[in-house]
Structures are given as C-alpha cells and as structure tokens.
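# Structural description and commentary
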2 protein chains.
Amino acid sequence: MNRREFVAGSLAAAALLQAREAASSQSAASPAAQANGVRILVFDTFGTVVDWRGSVIAEGEKLGKAKGLNVDWAAFADAWRGGYGPSMNLVRSGKLPWTKLDALHRMVLDQLIEKFQVNGLSEEEKKHLNYVWHRLKPWPDSVQGLTRLKKKFVIAPLSNGNVSLLTNMAKQAGLPWDAILSTEIVKHYKPDRETYLMAPEFWDVEPSAVMMVAAHAGDLDAAKKLGLKTAFVYRPLEFGPARQPSKPADGSYDFMARDFRELASQLGT
Amino acid sequence: MNRREFVAGSLAAAALLQAREAASSQSAASPAAQANGVRILVFDTFGTVVDWRGSVIAEGEKLGKAKGLNVDWAAFADAWRGGYGPSMNLVRSGKLPWTKLDALHRMVLDQLIEKFQVNGLSEEEKKHLNYVWHRLKPWPDSVQGLTRLKKKFVIAPLSNGNVSLLTNMAKQAGLPWDAILSTEIVKHYKPDRETYLMAPEFWDVEPSAVMMVAAHAGDLDAAKKLGLKTAFVYRPLEFGPARQPSKPADGSYDFMARDFRELASQLGT
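Residues numbered from 1 in each chain as written. Chains lettered and ligands numbered in written order. Predicted model: local features only at pLDDT ≥ 70, side-chain atom pairs only at ≥ 80, totals over all residues. Heavy atoms only, no water.

Our focus in this paragraph is the overall build of chain A. Across its full length, chain A holds twelve helices and six strands. Burial analysis of chain A (269 residues in total) assigns 59% to the buried set. The long-range fraction of contacts in chain A, counting pairs at least 24 apart against all pairs at least 6 apart in sequence, stands at 65%. When the accessible area of chain A is evaluated, it comes to approximately 10900 Å², of which 52% is carbon and sulfur surface. (Helix = DSSP H or I, 4+ residues; strand = E, 2+ residues; numbered from the N terminus. Buried < 20%, exposed > 50% of the residue type's maximum accessible area, 1.4 Å probe, protein only. Contact = heavy atoms within 4.5 Å. Areas by Shrake-Rupley, 256 points an atom, 1.4 Å probe, with all protein chains shown as cover.)

So, in structure tokens, the structure goes:
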C-alpha cells in the first residue's frame with residue numbers, strides 16, 4: 001500500500017467523527033491565543049473608521065463645481081445615507097434577494113439624482129459617483145490607531161460594505177486590515193446574527209475572543225447579545241456639526257474610547 | 001412624506017429591476033479600472049507563495065530534537081501534503097460535509113503521528129503542530145514581489161487554506177494582501193469553479209480582469225477554462241531538491257516567470 005492509498009483509505013473510515021473532534025478541539029490553540037482573552041477586533045466601518053458624510057460632501061462639491069450644479073450636498077449625503085437602512089431591510093426581510101451594497105447605493109443614488117436635480121451626468125459619471133463609498137476618507141486617528149492595534153490583535157472590518165468596496169477603501173485610505181470581513185461573505189446584513197458570528201467561526205474561537213468596535217450602540221448591542229466583547233468609540237462629527245449623536249452611559253460596553261488611539265492605549269498596544 | 005418614507009417607498013417598487021441593472025452596469029467602473037486589463041491578481045499559496053515543505057521539516061526537526069524523536073521529517077512533510085488532495089476530495093465528492101482545511105490537516109496528522117511514531121505529544125502540542133500550516137515561511141522573493149505588485153493591482157490569495165490560516169500566515173510572514181480570499185468563503189475547494197469565480201463576482205468584473213498566479217499547471221488550467229488570465233511561477237524547490245517539478249512549455253500561460261520579482265517586472269510594476 002503506498003502512502004496515498006494509506007492516507008485516503010484510512011481517512012474515509014473515521015473521517016466524519018474526526019472532523020468534528022478536530023473542529024471542536026482546536027478552539028484554544030490558535031497561534032496568537034490568549035487565555036479567555038480577546039484576539040480579534042472587528043470594526044464597523046461607515047462612521048466608525050471613515051467619515052462617510054464629509055467624504056460624500058467633498059466629492060459632491062467638486063462634482064457640482066465642475067458641472068455647474070447648485071446642489072445642497074450635505075442634504076444629498078444625508079439622504080443617501082438615509083436610504084441605507086431601508087434598502088438593506090428590503091434584503092433582510094426577503095423582499096429583495098441578496099444584493100450587494102454597491103447595488104443598493106446605486107438604487108438610492110438614481111432616485112436622489114432626480115430629487116436633487118443632479119442633471120447632466122453621463123452613465124460613467126454616475127458610476128464614478130456611486131463608487132464614492134469606495135473612496136471614503138478615514139478619521140484622523142484611524143490609520144495610526146489601527147496600526148497600533150494590529151500589533152497585538154487580528155484586525156478586520158465587519159461591515160455591510162461589500163468585499164470590493166472595503167478592499168478598495170482600505171487600499172486608498174491605507175487601512176492596515178489583516179483580512180476583509182464583509183457581510184457579503186455570509187450574504188446577510190447586520191444586525192443579522194450570521195454577520196457577528198463570522199469571525200468566531202472562521203477562527204474557531206468563542207464569541208468572547210472577538211471584540212466588536214463601533215460608534216453605534218445598535219451594532220454593539222447586537223454583537224453583545226451573541227457573546228462578543230464590545231468597544232464603543234465616540235464619533236461626534238459623523239452626522240455633521242449640527243447633529244451630535246448621543247453617547248452611551250459609562251460602563252455600557254467593555255471599552256469606551258474617544259478615538260482609536262485611546263482604544264489602543266486602553267488595550268495596551 | 002419625509003426622506004425615509006420617500007426612499008423606502010420608491011425603492012420597493014422598482015427594486016429588483018434596478019438591482020439587476022446596477023449590478024451589470026457597474027462592471028467597467030471600479031476605481032482602478034483599466035480597459036480590458038487585469039486589475040486583480042489572485043495567488044495560489046502553498047508552494048507558490050510559501051515553502052510548505054521546508055517550513056514543516058524545520059518545525060518538525062525542532063520538535064523532534066526537543067522531544068528526542070527519531071523521525072524522517074521530510075517523509076513526514078511529504079506524507080502530510082500527500083493527504084491534502086484525498087482529504088479535500090472527500091469534501092468535493094460530498095463524502096464529507098464542508099470541512100475547513102485546519103480540520104482536514106488534523107485528520108491526516110492524527111494518522112501520521114501513529115505511522116511515524118511521533119510519540120509523547122500532548123494534545124496542546126498536537127494542536128500547535130497542526131497549526132504549522134499557519135506559520136509557513138514565504139519564498140525569498142514573495143514579500144518583495146507582492147509589495148511591488150500591490151502598487152498596481154489588488155492582490156489576494158486564492159487558496160484552499162481557511163480564512164484564519166491565510167490571515168495568520170500573512171500576519172506572521174508579512175504578506176501584504178489587500179484581502180483574504182479563501183475557498184472557505186464559498187465552501188468549495190479548488191478546482192471547483194465557484195472558487196475561481198469568487199474574485200470576478202466580488203469585483204463585478206469579467207473573469208479576464210482577474211489573473212490567477214500559481215506554480216501548478218492544474219490550478220492555472222482550471223482558472224483559464226473559466227476565462228481568468230494566468231501566470232505561471234516556477235518553484236523548483238517546492239517538493240525538495242530531489243524531485244524537480246516539470247515546467248510547462250513556453251507560452252502555455254499569459255505570463256511565465258521565475259519568481260514574483262520577475263512577474264512584477266513583466267507586469268510593469
């Protein structure tokens with residue numbers, strides 16, 4: 001019996017049982033394991049890592065100037081983001097089959113182009129504008145904070161942005177992710193449970209070895225319910241200077257920080 | 001009617017049609033688009049980017065010395081890798097449900113521990129040994145070549161290694177991937193078609209905008225059949241000095257290079 005036959009033959013017999021045992025017994029053994037500790041940080045992206053509102057306004061104003069348009073780009077950005085939840089809920093409720101965020105963004109954009117009278121755009125220009133979400137700019141502390149956190153933890157987005165959106169964004173903004181975890185991978189949008197359980201399942205660890213980092217209480221509450229650790233980062237300018245978001249009470253989450261640098265210090269990196 | 005009602009209401013009506021149109025019309029418009037050109041490079045990993053054989057032998061010899069074992073680690077490494085194809089085929093043929101590569105590696109390892117009489121290992125030590133595949137060392141040109149290629153292309157592994165394996169490997173070896181594309185994401189092993197079509201679908205591009213880079217003809221042939229571009233990189237030492245792999249005839253693939261640095265030069269980076 002040669003080596004290949006040996007391996008294939010004996011595998012077939014005990015395979016199922018062994019696979020189950022191996023999967024369950026490897027939980028504690030990953031390379032960077034820290035007993036009962038957090039090993040993986042996953043980040044909400046829009047608003048938490050990048051400034052979607054400021055970025056959309058800046059590109060809109062540039063486009064408006066080039067095209068001679070008179071558009072309230074702040075209202076336009078808010079309306080575009082306003083269509084985000086409702087359009088994802090069409091998917092979450094089953095009214096739409098799985099549809100990636102780029103396509104949902106485009107659906108909303110086509111309506112806003114009419115509503116805000118953004119006239120005279122070619123199809124190429126509309127496509128380019130839709131991809132502004134691939135070009136969002138990071139908050140001033142994001143790259144430095146993530147770079148520090150990366151030394152101690154696996155870091156990844158956990159975002160409703162699709163894989164190409166998050167990858168292109170990271171490339172342009174210099175976000176040093178170890179992996180791109182998009183909800184597109186499990187074809188569910190947050191706050192569906194499948195999204196938060198992605199990292200624990202990929203790494204064969206308990207949910208408590210993964211910490212969700214976000215500027216939004218709803219995101220953190222959903223993660224917490226499934227056993228993930230949570231870190232709140234306050235982003236007072238996410239919705240513009242006129243609409244300061246409320247801040248959860250101290251102690252609402254495992255960690256609470258003013259920005260990623262402070263979070264890095266709290267986590268000893 | 002407020003903004004939220006406006007968006008949700010009008011979305012529901014034309015949603016399905018728009019989603020389809022948006023998905024198909026965005027093909028050419030991604031940020032780094034090059035007309036008819038390759039934008040994304042996906043890489044086989046074991047053997048192409050990292051030296052699995054040398055890495056497993058080196059860790060085995062260290063373990064053997066510490067434990068006073070007399071094991072032929074080269075034969076051990078070859079047998080472990082020899083179990084790779086047969087164990088994946090149990091999944092591909094449906095004899096096993098989806099099982100990630102870590103668990104397949106462990107199934108084979110448990111048999112080889114008996115066969116090669118690797119005695120006296122605790123469960124923790126077995127787990128650590130199984131994760132040697134997370135710690136494989138890159139070929140000498142890999143990091144430098146990938147760093148050059150990353151300037152012009154989106155670069156990602158396209159490997160049967162699971163997400164955590166590839167992420168941990170990249171972190172330890174300094175592989176500068178833009179994203180981690182593991183076949184675990186689509187729950188199919190190469191050469192199933194779903195694996196090669198992952199990048200075109202994530203990026204909404206034709207398969208010809210994606211190039212598969214590998215040291216193995218079978219991998220490239222499967223990718224080529226689905227319309228991907230192909231680059232062969234010769235890795236004469238993958239199977240050790242005594243077993244030099246055959247080299248495909250010139251012109252068999254779109255690009256053929258001796259290492260990643262040469263590939264980077266051929267691709268103008």
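Further remarks concern the packing of aromatic side chains. All told, the structure shown has 26 aromatic pairs over all chains when counted by the stated rule. Here the aromatic rings of Phe-232 of chain A and Tyr-253 of chain A are separated by 6.3 Å at their centres, their planes lie at 20 degrees, and the arrangement is stacked. Of the two residues, Phe-232 of chain A is situated in strand 5 (residues 229–233) and Tyr-253 of chain A in the loop between strand 5 and strand 6 (255–257); the sequence distance between them amounts to 21 residues. Each member of the pair, Phe-232 of chain A as well as Tyr-253 of chain A, is classed as buried. Taking the centre distance of 6.0 Å and the plane angle of 85 degrees together, the rings of Phe-46 of chain B and Tyr-84 of chain B count as edge-to-face. With a gap of 38 residues between them, Phe-46 of chain B in the loop between strand 1 (40–43) and helix 2 (52–67) and Tyr-84 of chain B in helix 4 (residues 84–92) connect regions that are remote in the sequence. The same class applies to Phe-46 of chain B and to Tyr-84 of chain B, which are both buried. Lying across the ring of Tyr-234 of chain A, Lys-247 of chain A places its NZ or CZ 5.1 Å from the centre. Taking NZ or CZ as reference, Arg-81 of chain B lies 3.9 Å from the ring centre of Tyr-84 of chain B, over its face. (Phe/Tyr/Trp six-rings, centres within 6.5 Å; stacked < 30°, edge-to-face > 60°. Lys NZ or Arg CZ within 6 Å of the ring centre and 35° of its normal.)

Let's shift gears to empty space enclosed by the protein. A full pass over the atoms with the stated rule returns one cavity of 30 Å³ or more. In this structure, the largest cavity encloses a volume near 30 Å³. What lines the largest cavity is Val-163, Ile-180 and Ile-185 of chain A together with Ala-179, Ile-180, Leu-181, Ile-185 and Phe-202 of chain B. For the lining of the largest cavity, the per-class residue count stands at eight nonpolar, no polar and no charged. (1 Å grid on protein atoms, 1.4 Å probe; cavity = no way out; pocket = protein on both sides within 12 Å on 5 of 7 lines; lining within 4 Å. Points joined across faces, edges and corners; volume = space filled by probe spheres on them. Nonpolar A, V, L, I, M, F, W, Y, C, P; charged D, E, K, R; others polar.)

All names here are of chain B. For strand 2 (residues 154–159), a buried count of six out of six residues is recorded, marking the element as mostly surrounded by other parts of the structure. Of the two faces of strand 2, the one holding Val-154, Ala-156 and Leu-158 and the one holding Ile-155, Pro-157 and Ser-159 are both buried throughout. Where strand 2 meets strand 3 (residues 181–182), two bridges bridge the pair, whose relative direction is parallel. Each residue of the ladder has a partner; that of Leu-158, found in strand 3, is Leu-181. Note that the unit made of strand 2, helix 8 (residues 163–173) and strand 3 has a crossover that is right-handed. (Pairing = 2+ DSSP bridges. Right-handed = clockwise from strand over helix to strand, strands pointing away.)

Once that is clear, we can look at the sheet that holds strand 5 (residues 229–233) of chain B. Two orientations exist for strands paired in a sheet by backbone hydrogen bonds: parallel and antiparallel. Residues and elements named next belong to chain B. If you trace the six strands from one edge of the open sheet to the other, you get 3-2-1-4-5-6, paired in parallel fashion. Pairing within the sheet leaves two strands with one partner each, and these edge strands are strand 3 and strand 6 (255–257). The strands touched by helix 11 (residues 217–225) within the sheet are strand 4 (210–214) and strand 5, with strand 4 carrying the most contacts at an inclination of about 165 degrees. (Axes fitted to C-alpha atoms, helices over the stretch in contact; angles between N-to-C directions.)

Moving on to the packing of helix 3 (residues 73–82) of chain A against helix 5 (residues 101–115) of chain A. All names here are of chain A. Closest axis-to-axis distance for the helix 3/helix 5 pair is 9 Å, and the angle between their directions is 140 degrees. It follows that helix 3 is oblique to helix 5 by the angle criterion. Here the hand of the crossing between helix 3 and helix 5 comes out right-handed. Between helix 3 and helix 5, the contacting residues are Phe-76, Ala-79 and Trp-80 on the first element and His-105, Val-108, Leu-109 and Leu-112 on the second. Grouping the amino acids of the contact of helix 3 with helix 5 by side-chain chemistry returns six nonpolar, one polar and no charged. (Parallel < 35°, antiparallel > 145°, perpendicular 65-115°, else oblique. Left-handed = near helix turned anticlockwise from the far one by under 90°.)

On to the confidence of the model for chain A, then. All names here are of chain A. Summing up the model confidence of chain A, the mean pLDDT is 90 and the portion of residues at 70 or higher is 87%. Considering only residues more than four positions removed or in separate chains, one finds that residues 13–35, a stretch of pLDDT under 50, has 40 contacts. Reported confidences for the modelled complex are a pTM of 0.88 and an ipTM of 0.87. (pLDDT = per-residue confidence, 0-100.)

Glycine aside, the phi torsion of most residues is negative, and most peptide linkages are trans. A cis amide bond links Lys-190 of chain A with the next residue in sequence, Pro-191 of chain A, at an omega value of 5 degrees. As for its position among the elements, Pro-191 of chain A is in the loop between strand 3 (181–182) and helix 9 (193–196). In this structure, Asp-204 of chain A is a non-glycine residue whose phi angle is positive, near 55 degrees. Within the secondary structure layout, Asp-204 of chain A lies in the loop between helix 10 (198–203) and strand 4 (210–214). With a phi angle near 55 degrees, Lys-187 of chain B is a residue other than glycine that sits in the positive phi range. Relative to the helices and strands, Lys-187 of chain B is located in the loop between strand 3 and helix 9 (193–196). Given a relative accessible area of 53%, Lys-187 of chain B falls into the exposed group.

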